[in-house]
Amino acid sequence: MESGRAARPALEGRRILLGITGSIAAYKAAVLCRLLKTAGAEVRVVMTPLAKQFITPLTMATLSKNPILVEFFDPENGAWNSHISLGEWADCLLIAPATANTLAKMRGGVADNLLLTTYLSARCPVVVAPAMDLDMYAHAATQENLRTLAGRGVEIVEPADGELASGLVGKGRMAEPEEIVAFLDALFSRTGKKKTLQGKRFVVTAGATIEAIDPVRYITNHSTGKMGYAIAGELARRGAEVELVSGRTALPTPAGVTRRDVLSADEMFEAAATAFDKADGAVMCAAVADYTPAEVSGTKLKKGEGDLCLPLRRTRDIAAHLGARKGSRMLVGFALETDHEEANAEAKLVKKNFDFVVLNSLRDAGAGFRGDTNKVTLIDRTNREELPLMSKNDVAVRIVDKIETLLAGR
Ligand code: C5P
């Protein structure tokens, strides 16, 4: 076994498609490739035409032990380099170094070289390690491009502060190869579970519902949808087919997930019930309104002198409806409580026929709405597991782990 290999177990056997663009930092791609190979990863390399001016295909072919791809086809024999099969092959597309030009093209969907067409068709996680001069990096256009790409799920290995090829000193230096490898290792440890849920279908409800009062006003709540989106993404990463029935959120759709947008509790009920018919399970993460205006005014309600009383009617409980019909399907629910947390959660477990319930208490700092962290307790009929404060992505991993354990025990 080569040294360093055991230190990066999550990279062992992973297929990394390394994209190299035309930056002076391309020389570091050689070390990067070497480290990835040492960690047990398979590496294939796609270079932009300009990248060849900075590092030779011969170097990269020798280190990766694979031929280098640059053009759409081989001009000698016409053999086609399929960007689609490259994207399918890869467990991760790593673009290092990523120039300002390539980041801008990625944002805009430009497809004028093999690396960009591969990016556009890849379904695997995409990681970029930007490298450029400090002013180019700080420019509003570059920053906006990075923010947009991050919002679409592209992972960014931040450049470092330091001496740049121009002689200037500032932020823009590509992260060191060791750091990039550590970033990938952490990414795979977090998200790179094997496709253990292939062939399973799940419905996930997420986000807040919106109950119209009149054409202008509505009733809603503080849910951002982050927890449900993280669960949908984690189920998809493990190979499940996921239908995400989503209230209004500002979040991008997780990779590999089919999203169905709804507004009201009634719309969410119909969409979730229909999807559940064909599913193996559902995770009910949405913050569904319990009450909705008894009537929606067709015109804007005018203010009068006195107070206004708005009659509300109960909405249907989607989780309880699915629970009553679930048969052998898996049903997971949430309980967001402010008092008598465990007793309330256990009552929901029984009443809604959940397999387990995820309890979060608004009394715990860092739990519940808005933030990127959560502190939950997983409660089933026989066990209760209190988890520490962790990111919502990590909570999603633990919830899906429990789904898998329960499925395996059936
Ligand atoms: O009863 P309570 O609203 O606290 O229950 C929370 C659980 O039930 C969550 O899993 C939530 O998504 C689900 N629920 C639902 N439909 C409703 C109300 C809650 O699916 N109308």
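Residues numbered from 1 in each chain as written. Predicted model: local features only at pLDDT ≥ 70, side-chain atom pairs only at ≥ 80, totals over all residues. Heavy atoms only, no water.

Comments concerning the domain arrangement of the chain
For clarity, the cut-off: Residue ranges for the domains trace back to a domain assignment, done automatically or taken from a database. For this analysis, residues touch if any pair of their heavy atoms sits within 4.5 Å. We define buried area as the total accessible area lost by two parts upon association, computed with a 1.4 Å probe and summed across both. Salt bridges, as used here, are contacts in which a Lys or Arg side-chain nitrogen is within 4 Å of a carboxyl oxygen on Asp or Glu. Here a polar contact means two N or O atoms within 3.5 Å. Within protein one must be a hydrogen donor candidate and the other an acceptor candidate, and residues neighboring in sequence count only if both atoms are side-chain atoms. Under the grouping applied here, Gly and all other residues not named as nonpolar or charged are polar, the nonpolar ones being Ala, Val, Leu, Ile, Met, Phe, Trp, Tyr, Cys and Pro and the charged ones Asp, Glu, Lys and Arg.
For the chain, the assigned domains are domain 1 (9-191) and domain 2 (201-408). Between domain 1 and domain 2, the C-alpha centre-to-centre distance is 37 Å. On the domain 2 side, the residues contacting the five residues of domain 1 number six residues. Roughly 390 Å² of surface becomes buried between domain 1 and domain 2 when both sides are summed, with 53% attributable to carbon and sulfur atoms. On inspection of domain 1 and its partner domain 2, the count reaches zero salt bridges. The interface formed by domain 1 and domain 2 holds zero residue pairs in polar contact (both at pLDDT 80 or more) in total. Residue classes in the side of domain 1 that touches domain 2 are distributed as no nonpolar, two polar and three charged.

A short note on the pattern of salt bridges
In this structure the tally under the stated criterion is 26 salt bridges. The shortest N-O distance in the salt bridge between Lys-105 and Asp-112 comes to 3.0 Å. In this structure, a network of salt bridges that share partners links the residues Glu-234, Arg-237, Arg-238, Asp-401 and Glu-404.

What to know about the packing of helix H4 (residues 100-108) against helix H7 (residues 140-151)
To be explicit about the condition: Angles shown run from 0 to 180 degrees and are taken between the N-to-C directions of axes, each axis being a line fitted to C-alpha atoms and, for helices, limited to the stretch in contact. Per the convention used, a helix needs a DSSP run of H or I reaching at least four residues, while a strand needs a run of E reaching at least two, with both numbered from the N terminus. Any angle between 65 and 115 degrees counts as roughly perpendicular, while under 35 counts as roughly parallel, over 145 as roughly antiparallel, and the rest as oblique. For any helix crossing, the convention is left-handed if the near helix is rotated counterclockwise from the far helix by under a right angle, and right-handed if that rotation is clockwise.
In contact at an axis separation of 9 Å, H4 and H7 are set at 50° when each is read in the N-to-C sense. In terms of orientation, H4 lies oblique with respect to H7. For the element pair H4 and H7, the recorded crossing hand is left-handed. Between H4 and H7, the residues in contact are Ala-100, Leu-103, Ala-104, Met-106 and Arg-107 and Thr-142, Glu-144, Asn-145, Leu-146, Thr-148 and Leu-149, respectively. For the contact of H4 with H7, the class distribution of residues is six nonpolar, three polar and two charged.

Quick word on the sheet that holds strand E5 (residues 155-156)
Keep this limit in mind: For two strands to pair, DSSP has to find at least two bridges joining them.
Strand order in the open sheet formed by five strands is E2-E1-E3-E4-E5, with parallel pairing between adjacent strands. Looking along the sheet, the strands with just one partner apiece sit at the ends: strand E2 (42-47) and E5. Direction of pairing for strand E1 (residues 15-20) relative to E2: parallel, over a ladder of six bridges. In the strand pairing of E2, Arg-15 is matched with Glu-42.

Describing the sheet that holds strand E17 (residues 356-361)
In spatial order, the strands read E12-E11-E8-E13-E16-E17-E19-E20; together these eight strands make up an open sheet with mixed pairing. A single partner strand is all that each edge strand has here, and the edge strands are strand E12 (257-261) and strand E20 (384-386). Between one strand axis and the next, the sheet turns through 15° on average, direction left out of account. As defined by bridge partners, E17 adjoins strand E19 (residues 376-380) across five bridges and the pair is classed as antiparallel. Bridge pairing in E19 places Leu-359 opposite Thr-377. Sitting on the sheet, helix H12 (residues 341-351) is in contact with strand E16 (330-337), E17, E19 and E20, with an inclination near 150° to E17. Sitting on the sheet, helix H13 (residues 392-408) touches strand E8 (201-206), strand E13 (281-284), E16, E17, E19 and E20, and the angle it makes with E19 is about 10°.

Overview of the layout of surface pockets
To keep it simple, the criterion reads: Put simply, the grid is 1 Å and covers the protein atoms alone, a cavity is a trapped set of points that fit a 1.4 Å probe, a pocket is an open set with protein on both sides within 12 Å along at least five of seven lines, and lining residues have an atom within 4 Å of a point. Grid points are joined across faces, edges and corners, and a volume is the space filled by probe spheres set on the points.
The space that makes up the second largest pocket amounts to roughly 850 Å³. Lining the second largest pocket are 36 residues, with Ala-286, Ala-287, Val-288, Phe-334 and Leu-336 positioned closest to its centre. Breaking the lining of the second largest pocket down by element, the ones donating at least two residues are helix H9 (226-237), helix H11 (318-324), E16 and H12. The greatest single-element share of the lining of the second largest pocket, amounting to four residues, is contributed by E16. Classifying every residue of the lining of the second largest pocket by side-chain character gives 14 nonpolar, eleven polar and eleven charged.

Focus: the pairing of E16
As a reminder, the rule being used: For each residue, the accessible area found with a 1.4 Å probe, counting protein chains only, is set against the maximum for its type, and the residue is called buried under 20%, exposed over 50%, and partly exposed in between. For the handedness criterion, the strands are oriented away from the viewer, and a crossover whose path from the first strand over the helix to the second runs clockwise is classed as right-handed.
When you tally the buried positions in E16, you get seven out of eight residues, the bulk of the element. As defined by bridge partners, E13 adjoins E16 across four bridges and the pair is classed as parallel. Residue Gly-281 lies in a different strand from E16, and its bridge partner there is Met-330. One ladder, built from six bridges, connects E16 with E17; its direction is parallel. Counted as the bridge partner of Phe-334 is Val-358 from E17. Considered for its hand, the β-α-β crossover made up of E16, H12 and E17 is right-handed.

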